[in-house]
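Listed below, chain by chain, are the residues.
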Amino acid sequence: MLTRSENCPRRDACVQNGKGLIHMKDLTDQQGLYNHGRLFTHVVIDPGCSIGYHAHNHETEFYYVIKGEGVFNDDGKEIVVRPGDICATGYGQSHGMENRTSEPLEMIALIVTE
């Protein structure tokens, strides 16, 4: 299967009651993940914006940081993350991501289901 970049849906949304709008490009859908996941998205978090703190039950979400710097809230503990870092949250744990810098934060988000 091939998905051309120009065919990927794009959207801006407030995510999990975070600050500001998050820019998202959906790289595939559930069918493209062969029903083993529900989200595979390129995410851009502008300065001062965030993905709000939220839980994951019966699924795991991964963030792969591509560019910029973010503050990852890992089940209540804040950790600075940079390009190449991988964040994982699942099995009832909670997380969030905030951009406290003056440059955009880019990452890939992938949610896999049980």
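This one's a predicted model, so the numbers in the text were calculated from it and none came from an experiment.

Draft legend 1. Main features of the overall build of the protein. A tally of regular secondary structure across the protein gives zero helices and ten strands. The order of α-helices and β-strands along the protein, N terminus first, is β-β-β-β-β-β-β-β-β-β. Across the 114 residues in the protein, those meeting the buried criterion constitute 40%. Put simply, of all contacts in the protein between residues at least 6 apart along the chain, 60% involve residues at least 24 apart. With an accessible surface of roughly 6600 Å², the protein has 50% of that area assigned to carbon and sulfur atoms. The positive charge centre, built from 10 side chains, and the negative charge centre, built from 16, are 4 Å apart in the protein.

Draft legend 2. Here's a closer look at the nonpolar core. Judged by nonpolar contacts, the single largest core of 18 residues is most densely connected at Ile22, Val43, Ile45, Ile51, Tyr63, Met97 and Met107. At the level of elements, β2 (22–28), β3 (37–45), β5 (59–67) and β10 (105–113) are the ones that each hand at least two residues to this core. Element by element, the count of residues in this core is highest for β10, at four residues. Excluding residues that lie within four positions of it along the chain, methionine 97 makes contacts with Ile45, Ser50, Ile51, Tyr63, Gly70, Val71, Phe72, Val81, Cys87, Leu105 and Met107.

Draft legend 3. Main features of the sheet that holds strand β4 (residues 50–55). Overall, antiparallel pairing links the four strands, which are arranged β4-β9-β6-β7 in an open sheet. Both edges of this open sheet fall to β4 and β7 (77–81), since each of them pairs with a single strand only. Here the average twist between neighbouring strands, direction ignored, is 15 degrees. Strand direction decides the pairing type here: strand β6 (residues 70–74) and β7, joined by five bridges, are antiparallel. Across the sheet, asparagine 73 pairs through a bridge with glutamate 78, a residue of β7.

Draft legend 4. Region of the structure containing the sheet that holds β2. The six strands are arranged β1-β2-β3-β10-β5-β8 in an open sheet whose pairing can be described as antiparallel. In this open sheet, the two strands that pair with only one neighbour each are β1 (10–13) and β8 (86–90). Taken pair by pair, the neighbouring strands of this sheet meet at an average axis angle of 25 degrees, ignoring direction. Pairing of β1 with β2 involves four bridges; the strand directions are antiparallel. The partner of arginine 10 across the bridge, within β2, is lysine 25.

Draft legend 5. Region of the structure containing the packing of aromatic side chains. Taken as a whole and assessed by the stated rule, the structure comprises one aromatic pair. Each ring, one from tyrosine 63 and one from phenylalanine 72, has its centre 6.2 Å from the other, and the planes form 80 degrees; the classification is edge-to-face. Phenylalanine 72 sits in the buried class, given a relative accessible area of 4%.

Draft legend 6. A nonpolar patch on the surface, seen in detail. Among the surface-exposed residues, Phe62, Tyr64, Ile66 and Ile86 lie close enough to one another that they form a single nonpolar patch of about 370 Å² accessible area. Along the chain, isoleucine 66 turns up in strand β5.

Draft legend 7. Seen up close, the pairing of β2. Pairing between β2 and β3: six bridges, direction antiparallel. Bridged to methionine 24 within β3 is valine 43.

Conventions used here
- Residues numbered from 1 in each chain as written.
- Predicted model: local features only at pLDDT ≥ 70, side-chain atom pairs only at ≥ 80, totals over all residues.
- Heavy atoms only, no water.
- Helix = DSSP H or I, 4+ residues; strand = E, 2+ residues; numbered from the N terminus.
- Buried < 20%, exposed > 50% of the residue type's maximum accessible area, 1.4 Å probe, protein only.
- Contact = heavy atoms within 4.5 Å.
- Areas by Shrake-Rupley, 256 points an atom, 1.4 Å probe, with all protein chains shown as cover.
- Lys, Arg positive; Asp, Glu negative; His and termini not counted.
- Charge placed at Lys NZ, Arg CZ, Asp CG, Glu CD.
- Core = buried A, V, L, I, M, F, W, Y, C linked by side-chain atoms within 4.5 Å.
- Pairing = 2+ DSSP bridges.
- Axes fitted to C-alpha atoms, helices over the stretch in contact; angles between N-to-C directions.
- Phe/Tyr/Trp six-rings, centres within 6.5 Å; stacked < 30°, edge-to-face > 60°.
- Patch = residues over 30% accessible without salt bridge, like charges linked within 9 Å, V, L, I, M, F, W, Y side chains within 5 Å.
- Salt bridge = Lys/Arg side-chain N within 4 Å of Asp/Glu carboxyl O.

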